[in-house]
Amino acid sequence: MRIVADRARCEGLGMCEAMAPDFFEVGDDGTVTVLDEIPGEEHRSAVLAAVDACPVLALSLDG
């Protein structure tokens, strides 16, 4: 699985960071940075919860 972030769509609300801080960080510029684009399968539920929590649909999973 690979995390895909649409930084142009991101509004910096931080739901992803709150749900999975090991994988997402909202910077001072107000957009998300993916800290680990290819997390291990054991992290799928946490990453999926963070992706699903994004209110502007800026995150997705590939694979």
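A.B. asks: It is not clear to me how helix α2 (residues 44-53) should be interpreted in this structure. Could you clarify?
C.D. replies: Each α-helix winds once per 3.6 residues, and so residues spaced three or four apart point in a common direction. Looking at α2, one finds that the buried residues are V47, A50 and V51. Buried residues of α2 fall within an arc of 100° about the axis and therefore sit on the same side. Turned more than 90 degrees away from the buried face of α2, the exposed residues are S45 and D52. For α2, the elements touching its buried residues are β1 (2-5), α1 (15-19), β2 (24-26) and β4 (59-62).

A.B. asks: I keep staring at the pattern of salt bridges and nothing clicks. Help me out?
C.D. replies: A side chain of one charge can pair with a side chain of the opposite charge if their charged atoms are brought near each other. Taken as a whole, this structure holds three salt bridges when the rule is applied. A salt bridge links D62 to R2, with the nearest nitrogen and oxygen atoms 3.9 Å apart. Taken together, the residues span a long stretch of sequence, with D62 in strand β4 and R2 in strand β1 at a distance of 60 residues. When its relative accessible area of 34% is taken as the criterion, R2 is described as partly exposed. Here D29 makes a salt bridge to R7, at a shortest N to O gap of 3.4 Å. Of the two residues, D29 is situated in the loop between β2 and β3 (32-34) and R7 in the loop between β1 and α1; the sequence distance between them amounts to 22 residues.

About the thresholds
- Residues numbered from 1 in each chain as written.
- Predicted model: local features only at pLDDT ≥ 70, side-chain atom pairs only at ≥ 80, totals over all residues.
- Heavy atoms only, no water.
- Buried < 20%, exposed > 50% of the residue type's maximum accessible area, 1.4 Å probe, protein only.
- Helix = DSSP H or I, 4+ residues; strand = E, 2+ residues; numbered from the N terminus.
- Arc of directions from axis to C-beta.
- Contact = heavy atoms within 4.5 Å.
- Salt bridge = Lys/Arg side-chain N within 4 Å of Asp/Glu carboxyl O.

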